[in-house]
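Structural overview for review
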Amino acid sequence: MSDRPVRTRIAPSPTGDPHVGTAYIALFNYVFAKQHGGQFLLRIEDTDQTRARRDSEKAIMESLHWLGLSWDEGPDVGGPCGPYRQSERRELYEKHAFELLERGEAYRCFCTPSRLNELRAYQKAANTPPGYDRLCRNLDREESDRRAAAGEPFVIRLKMPLEGDSVMVDGLRGEIRRSYRELDDQVLLKSDRFPTYHLANVVDDHLMGITHVIRAEEWIPSTPKHIRLYEAFGWEAPQWIHMPLLRNPDKTRSKISKRKNPVSLLFYKEYGVLPEALVNFLALMGFSFGNDVEKFTLEEMIGAFSFEKVSLGGPVFDLEKLVWLNGLYLREMSPQALLDAVQALWLNRAYFERIMPLVQERMRTLTDFVDLSAFFYNCALDYHTEDGKLMVPKGRTIEEMAALFEELVEAIDGMEDYNVENLEALLRRVTETRGWKTKDVFMPVRVAVTGRKATPPLFESMSVLGRERTRVRLRQAMAHLRALPPPQA
RNA sequence: GGCCCCAUCGUUCAACCGGUUAGGACAGCGGCCUUUCACGCCGUAAACAGGGGUUCGAAUCCCCUUGGGGUCACCA
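In what follows, the accompanying structure is described. Note that the structure is predicted; figures quoted are calculated from it, not measured.

1. Focus on the packing of aromatic side chains
Within this structure, the stated rule accounts for 24 aromatic pairs. A ring pair is formed by Phe233 and Trp235, whose centres lie 4.1 Å apart and whose planes are at 10°; its orientation type is stacked. Owing to a relative accessible area of 6%, Phe233 belongs among the buried residues under this scheme. Judged by its relative accessible area of 18%, Trp235 falls in the buried class. The structure contains a cluster of three or more aromatic residues connected by ring pairs, namely Tyr24, Phe28, Phe32, Phe287, Phe289, Phe296, Phe305 and Phe307. If you follow Arg90 out to its NZ or CZ, it ends over the ring of Phe194, 5.8 Å from the centre. We note Arg434 situated over the ring of Trp436; from NZ or CZ to the ring centre the distance is 5.3 Å.

2. Structural notes on the environment of Ala200
Along the chain, Ala200 falls in helix α6 (residues 197-207). For Ala200, a relative accessible area of 0% corresponds to the buried category. Sequence spacing of Ala200 and Ser87 is 113 residues, and the spatial spacing of their C-alpha atoms is 9.9 Å. The contact partners of Ala200, leaving out residues within four places of it in the chain, are Thr47, Gln86, Tyr93 and Pro195.

3. Some words on the sheet that holds strand β7 (residues 187-189)
Pairing in this open sheet of three strands is antiparallel, and the strands run β3-β4-β7 from one edge to the other. In the strand order of this sheet, the two ends are held by β3 (106-109) and β7, each with one partner. Neighbouring strand axes in the sheet, compared pairwise and without regard to direction, differ in orientation by 45° on average. Direction of pairing for strand β4 (residues 155-158) relative to β7: antiparallel, over a ladder of two bridges. Looking at β7, one finds that Ile156 is bridged to Leu189. Packing against the sheet, helix α3 (residues 90-102) makes contact with β3, β4 and β7, and its axis sits at approximately 105° to β3.

4. Side note on the protein's contact with RNA strand B
The local shell around RNA strand B holds 53 residues, among which Glu182, Lys190, Thr252, Ser288 and Glu294 are the closest. Near the protein, within 4 Å, the atoms of RNA strand B are sugar or phosphate in 83% of cases. Separating a sugar or linking oxygen of RNA strand B from a side-chain N or O atom of Arg178 is a distance of 3.3 Å. Within the surface near RNA strand B, the residues separate by chemical class into 20 nonpolar, 11 polar and 22 charged.

5. So, the pattern of salt bridges
According to the stated counting rule, one finds 45 salt bridges in the structure shown. Here Asp170 and Arg173 are joined by a salt bridge, their closest N and O atoms 3.3 Å apart. Look at Asp170 and you get buried, because its relative accessible area is 2%. In this structure, Arg177 engages Glu175 in a salt bridge whose closest nitrogen and oxygen atoms are separated by 2.6 Å. Assessed through its relative accessible area of 52%, Glu175 is described here as exposed. Several salt bridges converge on common partners, so that one network encompasses Arg9, Arg43, Glu45, Arg89, Asp204 and Asp205.

6. A few points about the side chain of Glu57
Tracing the chain through its elements places Glu57 in helix α2 (residues 54-67). In contact with Glu57, other than residues within four places in its own chain, are Pro14, Ile44, Pro75 and Arg85.

Quick notes on the rules
- Residues numbered from 1 in each chain as written.
- Chains lettered and ligands numbered in written order.
- Predicted model: local features only at pLDDT ≥ 70, side-chain atom pairs only at ≥ 80, totals over all residues.
- Heavy atoms only, no water.
- Phe/Tyr/Trp six-rings, centres within 6.5 Å; stacked < 30°, edge-to-face > 60°.
- Buried < 20%, exposed > 50% of the residue type's maximum accessible area, 1.4 Å probe, protein only.
- Lys NZ or Arg CZ within 6 Å of the ring centre and 35° of its normal.
- Helix = DSSP H or I, 4+ residues; strand = E, 2+ residues; numbered from the N terminus.
- Contact = heavy atoms within 4.5 Å.
- Pairing = 2+ DSSP bridges.
- Axes fitted to C-alpha atoms, helices over the stretch in contact; angles between N-to-C directions.
- Near = heavy atom within 4 Å.
- Polar contact = N/O pair within 3.5 Å; in protein donor to acceptor, adjacent residues only side chain to side chain.
- Nonpolar A, V, L, I, M, F, W, Y, C, P; charged D, E, K, R; others polar.
- Salt bridge = Lys/Arg side-chain N within 4 Å of Asp/Glu carboxyl O.

None of this, on its own, says anything about what the molecule does.
Below, the structure written as structure tokens:
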């Protein structure tokens, strides 16, 4: 153990919406660092060139700021250990990978993806444990250098010990042992010269002086690789603390996922949850303040926090309790502050300006505006109506429509730019692939998204509602349909 | 499937190093307040997964079983 000043970090991967799990882990890193007068850093792990999304990084930073979990060092504020974006540190990882190669702690692997696929297929068929067979581990150095010089593509793999146990001490669980025999020679540097998570993460944590790695439980199985990496470099390893995983509320109890639960921080913000309430609620997941106190501020949590007060069962994210807690916060605001908050969310001029052109030609009196635009503000829609029935057109089944909504939820999530053109293209595409008529898709989607059959133009409306709320409504409509009694024959 | 982690009411969090009528909160139910609803208040139901040990005594320590989860990529 060393007496280095405490430094923690949150290291999200910008591959989608800002995730509630990211906020959850960030919270504990933040609180622990602040409690010890240390620093909390933000590092963007964007080494996956195929998945990193441009706008995602920005959304993550905005969401964490919204929650009040601000960082002392990061891509936007800089700091002594920058850059804080892994894609800007590529050469560093390459250099370190080659350093391990030189020291015999790692080796070049020339195996092709197709060979590795075959290997896996064979292992699966033969029912043997999967993993790299270490074919290239014993290539002699001359041959390795020669093939690399000839331009043959390769990756660099870490040499794991063949015998013995890897021992990690987890701050919450104590000692966790694993036999090296079941540990693979992990790829450190991909053939595109970008690092894998394992290399980049360890190199950065060391270079950035991270003392406590507080991350989700799902990382426990790969910690031996990280420990080995620290050993291979001759570096002092941080303390490992693995927090329990947030779970889905349904029967599966699997780790929280966007297919089953709203996981986007944007959702909670647009739903009207106050950041203080969300932070408080997240803190309740696994942590107990003491004396049965449930409502507390970030500041108070910093005063009371200890990992001894963290329990290990995977907590289920209970939206109902979050909403109750939020109500508590709402009620203690001054009416003025509440008005400001309500206005800032949806009842603001900028938002009105987007809606006005959509409803103008349908208005006869000024007050028509309220009725015509209500669905732009409502959160939950009521589908138990005459219009709601239009979500299942004649000749289509309930399940067909639910499946359609499900597909749209996914497609909208993956949409690069969420705009009118892409929405129209998407709806036309799903209509065509099904061989349906447009009315079989457009009206049901209209009702799902707005709750009614007479609305402003569909794509424009979806665009104004935004990606997140559109998805939520489609998902709610899907759930509504699947809960319907089966039609009589 | 192998390996690893976990195990208290439906959900969440308590019960310090073994001795409690197993507690709080959300949700549920009943009631009070109230023109209504909500808030608030009062009350009620609801759990130690099972089996072995250790011990005078086990929710608490150990083992096994069961259950749940995670992980086994040139993703993080």
